[in-house]
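Close look at the chain arrangement
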Amino acid sequence: MLCELEHSVKMFLDKSLGDSPADSLNWQARLEMTQNSYRAREPILAVRRALLTVSNRPNYTDMVGECWLQSARVARKAGHHQAAYNALLNAGETRLPELTVERAKWHWSKGDVHQALIVLQKGAELFLSDSSEQQLIHGRAMLLVGRFMEETANFESNAVMKKYKDVTSLLPEWE
């Protein structure tokens, strides 16, 4: 955290508009080197959010949202539902495509199966653009819908199989 703070402050003082702190330090790789726990990752993500917010550059809003989304993911996996909810609310301001999938997983982890399916099915319609990233997120969302339908056992097997077949029909488009 101190290294990232020092590097970011140097960048802000130099007023270099080229790279972002995340690009120059490879924040994703650095985060993956830490222990995958809420206690280890949340302070790092909080410092990153603060650094990006203090920089007050408009192109950093998606990076702040990504940090909030990662916080929500880590908190959900640790069972901290309120912290995950707060992070999802903050990430919601940025309109990241992955937000719908994470919000559905949060509902699922709380045991709100019906709401998780509703969020996924409504959100999956938003990812029908031409970009490969959007199609990948749409595919993940649809797979998750199929998995949730299968695990709840409230749906006929034909309906579940149709969801999985819908996802496999998208595969040639991803190549």
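Structure: above.
Quick caveat, the model's predicted, so the values are computed rather than measured.

This next bit is on the overall build of the protein chain. Scanning the protein chain from terminus to terminus reveals 10 helices and zero strands. Along the chain direction, N to C, the helices and strands of the protein chain fall in the order α-α-α-α-α-α-α-α-α-α. By residue count, 41% of the 175 residues in the protein chain fall in the buried class. Element-wise, carbon and sulfur atoms account for 53% of the exposed surface of the protein chain, whose accessible area totals about 10400 Å².

To continue, consider the packing of aromatic side chains. Using the criterion set out here, one finds one aromatic pair in the structure. The residue whose ring lies beneath arginine 49 is tryptophan 68, and the NZ or CZ to ring-centre distance is 3.7 Å.

Let us now look at helix α4 (residues 38–55). Helical periodicity: at 3.6 residues per turn, an α-helix aligns residues three or four positions apart in one direction. Taking 1.5 Å of rise per residue, 18 residues should cover 26 Å, and α4 covers 25 Å from first to last C-alpha, within 8% of that figure. Residues of α4 that are buried: Arg41, Glu42, Ile44, Leu45, Arg48, Arg49, Leu51, Leu52 and Ser55. At the exit of α4 stands asparagine 56, carrying a positive phi of roughly 55 degrees.

The next thing to look at is the environment of glutamine 82. Structurally, glutamine 82 can be placed in helix α6 (residues 81–91). For the pair glutamine 82 and alanine 72, spaced 10 residues apart in the sequence, the C-alpha separation amounts to 9.5 Å.

This part is about the environment of valine 101. If you trace the backbone, valine 101 turns up in helix α7 (residues 99–110). For the pair valine 101 and valine 119, spaced 18 residues apart in the sequence, the C-alpha separation amounts to 8.1 Å. Ignoring sequence-local partners within four residues, the contact set of valine 101 consists of Leu120, Ile137, Ala141 and Leu144.

A word on α7. Relative to the 16 Å expected for 12 residues at 1.5 Å per residue, α7 spans 17 Å between its end C-alpha atoms, a close match to the ideal helical length. Those residues of α7 that fall on the buried side of the exposure criterion are Leu99, Thr100, Val101, Glu102, Ala104, Trp106 and His107. After α7 finishes, the residue glycine 111 shows a positive phi value of roughly 95 degrees.

When charged atoms on two side chains of opposite charge get close, those side chains can pair. Per the counting criterion, the structure on display carries six salt bridges. Among the salt bridges present, the one from arginine 49 reaches glutamate 42, with a minimum N-O distance of 2.9 Å. Across the pair arginine 76 and glutamate 102 runs a salt bridge whose closest N-O atoms are separated by 2.5 Å. Linking arginine 76 in helix α5 (residues 61–78) with glutamate 102 in helix α7, this pair joins segments that are 26 residues apart in sequence. By the burial criterion, arginine 76 is buried, and glutamate 102 matches it.

With their axes 10 Å apart at the nearest point, α5 and α7 run at an angle of 20 degrees to one another. Considering the angle they form, α5 stands roughly parallel to α7. As α5 packs across α7, the resulting crossing turns out to be left-handed. Counting all contacts with α5, which are made through Leu69, Ala72, Arg73 and Arg76, the residues of α7 involved are Leu99, Glu102, Lys105, Trp106 and Ser109. Residues that form the contact of α5 with α7 fall into these classes: four nonpolar, one polar and four charged.

Here is what the cut-offs are and how they apply
- Residues numbered from 1 in each chain as written.
- Predicted model: local features only at pLDDT ≥ 70, side-chain atom pairs only at ≥ 80, totals over all residues.
- Heavy atoms only, no water.
- Helix = DSSP H or I, 4+ residues; strand = E, 2+ residues; numbered from the N terminus.
- Buried < 20%, exposed > 50% of the residue type's maximum accessible area, 1.4 Å probe, protein only.
- Areas by Shrake-Rupley, 256 points an atom, 1.4 Å probe, with all protein chains shown as cover.
- Phe/Tyr/Trp six-rings, centres within 6.5 Å; stacked < 30°, edge-to-face > 60°.
- Lys NZ or Arg CZ within 6 Å of the ring centre and 35° of its normal.
- Expected span 1.5 Å × (residues − 1).
- Contact = heavy atoms within 4.5 Å.
- Salt bridge = Lys/Arg side-chain N within 4 Å of Asp/Glu carboxyl O.
- Axes fitted to C-alpha atoms, helices over the stretch in contact; angles between N-to-C directions.
- Parallel < 35°, antiparallel > 145°, perpendicular 65-115°, else oblique.
- Left-handed = near helix turned anticlockwise from the far one by under 90°.
- Nonpolar A, V, L, I, M, F, W, Y, C, P; charged D, E, K, R; others polar.

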